[in-house]
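# Coordinate inspection notes
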Amino acid sequence: MSTGQPVCASSRTESEWDRLNWSRIERRVRRLQARIVKATQERRWGRVKSLQWLLTHSFSGRALAVDRVTTNHGAKTPGVDGATWQTPGTRYRAIGSLRRRGYTPQPLRRVYIPKSNGKLRPLGIPTIKDRAMQALHLLALEPVAETTGDPNSYGFRRARSTADAIQQCFVSLSHLDDSAEWVFEGDIKGCFDNISHEWMLTHIPTDREVLCKWLRAGYVDSRTWFPTEAGTPQGGIISPVLANLTLDGLERLLAERFAAKHSRGPHSQRKWRNPKVHLVRYADDFIITGSSRELLENEVRPLVEGFLAERGLRLSPEKTKITHISEGFDFLGQNLRKHRNGRLLVTPAKKNVHAFLERFRTALRSNVASAQEPLIRHLSLIVKGWANYHRHIAATRTFRKVDHETWYSLWRWAKWRHPKKTHTWIAKRYWLPVGGSYWTFAVDTGVRTKSGKPIIVRLARATDTTIRHHVKIRSDANPFDPHWDPYFEGRAALKAQSPGP
């Protein structure tokens, strides 16, 4: 009898998970989030706290949190306990385990990933239960963050992207006569690793007891436990929102300090003074425009440094610089530069193009013995992903150059693979006439359509991507506010109607 009970309990919990009404659960959570937005707009912080408590203790919130961490890309990545929730039964039982009383997070599992500059970026991987608890409290914190966030902050926010940030830069710098000509390129040194715990515990509008436990949990590296005295771990679900809340307020501070206004000149003449100070931020990367180098160096920079110092942060002296718009600057992998005719052009940054070509060539070198069809599918994903990222800017000329470089890399790869074959044999073996081009890296799959035509798989080209203008999201749009639902529905319909890449 005792051997049959666990089986029955397991099957019962599995069926309970499968019977959950997810549309109803999402509606309940969204209604609570809308109430949190309204209370935040009215500055009723006691009401906000009560609604957050209600959401984090609700069955719907806990179920949605479990669903999120078990269906995202890191669902199979374990923490220090090695546990994952892969079966419906374990997921349903996990809903009941998300309790505040007696909750103690485990240390993070430290891993390292390579950065573009060759250095390693540390990541902290929480256990699956800790990730679920973070996802649960994120449901209650994100509506507050979206309501109080800086209008021109675009990183790690719903319905916002790098394309929106670049478009805002274009808006701020593209006018012929009245745009700023100087740009302060800000880089925060180790933003996620150095945020003051005391500042977050004092100012972040969430459950402080639970937040304190997350911040002080420490991490395990090479089987050794290390304490965490500052920072929020990169790898936690809630960490990007915590970082955004830490940096929010800088745009409002700049707007108050450097607002355009009239000033008294000699002979009591009123002069119009416009510092042209505007902030565009994506996570911890930001730029600030200004009317002069002296303004940015002597007034804006000390203000930014003081703002960051309160939060335990500081600017990187090596990467922070002031640039004239005619020289151009790189931001989020793209280059913005105003030319002599006064036209501002946004093109893929040279470093970004170089990184893409290196990734393409590395993929070729690591697939020396691969068959052509799987190689084409793998390389096409790389090309499409890079080209789609740059499809909203003036990238046509760069796309042509990239296609030429990738073709040359493929030719060298084919020659290295068949050193004793002639050029004609290699060309016929790997290149087919497709779409009017005789030099298309493609392969006949051997499969025929119903009409008898061969199915050919060809390598995607960057020039296949359609360049189209990106419509920037409105700066004050809030995806958690029901009043903005028609706006976001319209954007979704516009995106669905736009031509594919």
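Note that the coordinates shown come from a computational prediction; the quantities given were computed from them, not determined experimentally.

Counting its secondary structure elements, the chain contains 18 helices and 16 strands. Overall size of the chain, expressed as C-alpha extent along the three principal axes, is 100 × 75 × 50 Å. Looking at the 501 residues of the chain, the share that counts as buried comes to 46%. For the chain, restricting intrachain contacts to residue pairs at least 6 apart in sequence, the fraction spanning at least 24 positions comes to 67%. Only carbon and sulfur atoms are counted for the fraction: they give 52% of the accessible area of the chain, which is about 27000 Å². Measuring between centres, the 83 positive side-chain charges of the chain sit 6 Å from its 46 negative side-chain charges.

Here the focus is the pattern of salt bridges. All told, the structure shown has 20 salt bridges when counted by the stated rule. Between E209 and K213 there is a salt bridge; the shortest N-O distance is 3.8 Å. With E209 and K213 both in helix α10 (residues 208-215) and four residues apart, this pair spans about one turn of that helix. Classification of K213 as partly exposed rests on a relative accessible area of 27%. Here E310 and R311 are joined by a salt bridge, their closest N and O atoms 3.4 Å apart. A residue is classified by how much of its surface remains accessible, and E310, at 56% relative accessible area, is exposed. R311 gets classed as buried once you look at its relative accessible area, which sits at 7%. Linked through salt bridges whose partners overlap, the residues forming this network are R100, D207, E209 and K213.

Now for the environment of I125. One can find I125 in strand β2 (residues 120-125). Excluding anything up to four places from it in sequence, I125 contacts T77, P78, G79, L108, R109, V111 and R131.

Glancing now at the packing of aromatic side chains. Each aromatic ring pair is characterised by the separation of its centres together with the angle its planes make. Overall, the coordinates contain 20 aromatic pairs when judged by the stated rule. Plain terms: the ring middles of W411 and W439 are 6.0 Å apart, the flat faces sit at 75° to each other, and that makes the pair edge-to-face. Taken as a pair, W411 in helix α16 (residues 396-417) and W439 in strand β15 (residues 437-448) lie far apart in primary sequence, 28 residues in all. Accessibility expressed as a relative area gives 11% for W411, which makes it buried. Look at W439 and you get partly exposed, because its relative accessible area is 44%. Taking the centre distance of 6.2 Å and the plane angle of 10° together, the rings of Y430 and F441 count as stacked. A residue pair is termed long-range when its members are at least 10 positions apart, and Y430 in helix α17 (residues 423-430) and F441 in strand β15 qualify at eleven residues. The exposure classification of Y430 matches that of F441, with both residues buried. Taken together, the ring pairs in this structure connect W407, W411, W413, Y430, W431, W439 and F441 into an aromatic cluster. Positioned over the ring face of Y219 is R110, at 3.7 Å from the centre of the ring. The ring of Y430 carries the charged tip of R429 above its face, separated from the ring centre by 4.6 Å.

In this section: unusual backbone geometry. Positive phi, close to 55°, is recorded for F156, a residue that is not glycine. Tracing the backbone through its elements, the reader meets F156 in the loop between α6 (128-148) and α7 (162-173). When its relative accessible area of 44% is taken as the criterion, F156 is described as partly exposed.

The next thing to look at is α6. Along its 21 residues, α6 runs 29 Å from first to last C-alpha, staying within 8% of the 30 Å computed at 1.5 Å per residue. In α6, a bend of some 40° at L139 exceeds every other bend along the element, and P143, a proline, comes one to four places later. With respect to burial, α6 is a largely interior element, 19 of its 21 residues being buried.

Let us now look at the sheet that holds strand β12 (residues 334-338). Within the open sheet, the three strands sit side by side as β11-β12-β13. Their pairing is antiparallel. Of all the strands in the sheet, the pair left with one neighbour each is β11 (329-331) and β13 (344-348). When the angles between neighbouring strand axes are averaged without regard to direction, this sheet yields 30°. In this structure, β12 lies alongside β13, joined through five bridges in antiparallel fashion. Residue pairing in the sheet places L336 in a bridge with V346 of β13. Strands β11, β12 and β13 of the sheet are contacted by α7, whose axis makes an angle of about 10° with β12.

The rules we used
- Residues numbered from 1 in each chain as written.
- Predicted model: local features only at pLDDT ≥ 70, side-chain atom pairs only at ≥ 80, totals over all residues.
- Heavy atoms only, no water.
- Helix = DSSP H or I, 4+ residues; strand = E, 2+ residues; numbered from the N terminus.
- Buried < 20%, exposed > 50% of the residue type's maximum accessible area, 1.4 Å probe, protein only.
- Contact = heavy atoms within 4.5 Å.
- Areas by Shrake-Rupley, 256 points an atom, 1.4 Å probe, with all protein chains shown as cover.
- Lys, Arg positive; Asp, Glu negative; His and termini not counted.
- Charge placed at Lys NZ, Arg CZ, Asp CG, Glu CD.
- Salt bridge = Lys/Arg side-chain N within 4 Å of Asp/Glu carboxyl O.
- Phe/Tyr/Trp six-rings, centres within 6.5 Å; stacked < 30°, edge-to-face > 60°.
- Lys NZ or Arg CZ within 6 Å of the ring centre and 35° of its normal.
- Expected span 1.5 Å × (residues − 1).
- Bend = angle between axes of the 7 residues up to and from the residue.
- Pairing = 2+ DSSP bridges.
- Axes fitted to C-alpha atoms, helices over the stretch in contact; angles between N-to-C directions.

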